[in-house]
Amino acid sequence: PVRIGVLALQGDVREHAAILTALGAEAVLVRRPEQLADLDGLVIPGGESSVIDKLSRIFGLREPLRALIADGLPVYGTCAGLILLADEIQGAIDGQLTFGGLDVTVARNAFGGQVESFETTLAVQGIDGEVAATFIRAPLITRVGPRAKAIASLPDGGVVAVEQGGLLGTSFHPEMNGETRLHARLLQLVEARRSAVAA
Ligand code: GLN
């Protein structure tokens with residue numbers, strides 16, 4: 001089976017691993033640089049992006065991860081994971097850094113105030129039917145650069161999902177509702193990369 005890492009420094013690691021396993025992939029919890037070896041793809045879960053950033057530096061994962069992203073490793077980031085994949089963020093705290101890769105700007109905690117969490121369903125380009133989406137202190141994608149493509153928006157036009165090459169990012173958590181089709185999309189990106197490498 002394909003080997004998909006789940007960055008397991010903080011956040012809702014378990015739910016992602018369960019979905020990947022249900023889709024037939026081998027899920028590898030990644031806490032140390034050695035565990036990045038031989039991965040076909042990676043999920044960066046939701047949680048707190050500044051904490052995941054800090055821990056990634058402490059555990060020596062930041063530079064190897066950046067190298068893998070630059071090399072074209074397919075990566076799916078949800079919520080805090082999306083923030084960590086963004087080239088630029090608004091509302092950074094504690095000098096937080098991102099791994100980068102997605103040509104987007106993301107505003108942290110953009111739905112703050114009264115309505116910090118909500119559930120909805122959304123159309124996502126490339127996926128049939130509505131996708132279940134949970135937003136929890138979620139970021140909003142405020143700029144989509146020329147290399148990235150918006151694939152889902154809220155009714156008010158706010159962009160909440162993007163794709164760029166092997167990278168996929170969503171403001172929302174699909175895993176909380178047992179929604180598996182974005183992870184399935186990651187597995188498609190993994191297949192696309194494998195055939196491109198084999199060709
Ligand atoms: N607000 C969090 C952050 O900025 C993201 C929340 C989440 O991942 N559910 O990292």
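Predicted, not measured: the structure shown is a model, and the values here were computed from it.

1. Here we look at the overall build of the protein chain
Okay, step 1: Tallying secondary structure elements over the protein chain gives five helices and twelve strands in all.
Okay, step 2: Taken against the 2.2 N^0.38 rule, which gives 16 Å for 199 residues, the C-alpha radius of gyration of the protein chain at 15 Å falls within 12% of a compact globule.
Okay, step 3: Counting only C-alpha atoms and orienting by the principal axes, one finds that the protein chain spans roughly 45 × 40 × 35 Å.
Okay, step 4: In the protein chain, which comprises 199 residues, the proportion classed as buried is 43%.
Okay, step 5: If you take every contact in the protein chain between residues at least 6 apart in sequence, the share linking residues at least 24 apart comes to 65%.

2. A closer look at the UniProt feature "binding site: L-glutamine" (unreviewed entry) in the protein chain
Okay, step 1: The sites that carry the UniProt feature "binding site: L-glutamine" (unreviewed entry) are, in the present numbering, G47, E48, S49, R108, I136 and R137. The largest pairwise C-alpha distance within this set of annotated residues, which runs over 91 residues, is 12.8 Å, so the set is compact in three dimensions.
Okay, step 2: As for its position among the elements, S49 is in helix 2 (residues 49-58).
Okay, step 3: The exposure class of S49 is buried, given the 30 C-beta atoms found within 10 Å.
Okay, step 4: Residues within four places of S49 in sequence aside, it is in contact with A80, I83, L84, Q96 and R108.

3. Remarks on helix 2
Turn by turn, an α-helix covers 3.6 residues, leaving residues three or four places apart pointing in a common direction.
Okay, step 1: Along helix 2, the residues classified as buried are S49, I52, D53 and S56. For helix 2, the arc enclosing every buried residue in end-on projection is 100°, short of the 170-degree limit, so these residues lie on one face.
Okay, step 2: Taken together, the buried residues of helix 2 touch helix 3 (62-70) and helix 4 (80-85).
Okay, step 3: Immediately downstream of helix 2, the backbone of G60 shows phi near 70°, a positive value.

4. What about the site of the ligand?
Okay, step 1: Around the ligand sit G46, G47, E48, S49, C79, A80, I83, R108, N109, I136 and R137, and those are all the residues in its vicinity.
Okay, step 2: Here the shell around the ligand is composed, by residue class, of four nonpolar, four polar and three charged.

5. A closer look at the pairing of strand 7 (residues 117-123)
Okay, step 1: Judged by how many residues are buried, strand 7 sits mostly at the surface: zero of seven residues are covered.
Okay, step 2: Of the pairings in the sheet, the one linking strand 7 to strand 8 (residues 130-136) comprises seven bridges and is antiparallel in character. Bridging across to strand 8, L122 finds its partner in V131.
Okay, step 3: Where strand 7 folds back onto strand 8 in an antiparallel hairpin, the turn is made up of six residues, including G126, whose phi is positive at roughly 90°.

Rules of the game
- Residues numbered from 1 in each chain as written.
- Predicted model: local features only at pLDDT ≥ 70, side-chain atom pairs only at ≥ 80, totals over all residues.
- Helix = DSSP H or I, 4+ residues; strand = E, 2+ residues; numbered from the N terminus.
- Rg over C-alpha atoms; globule rule 2.2 N^0.38 Å.
- Buried ≥ 20, exposed ≤ 12 C-beta atoms within 10 Å, placed from the backbone.
- Contact = placed C-beta atoms within 7 Å.
- UniProt positions renumbered as here; feature names shortened; annotations may be inferred.
- Arc of directions from axis to C-beta.
- Near = placed C-beta within 6 Å.
- Nonpolar A, V, L, I, M, F, W, Y, C, P; charged D, E, K, R; others polar.
- Pairing = 2+ DSSP bridges.

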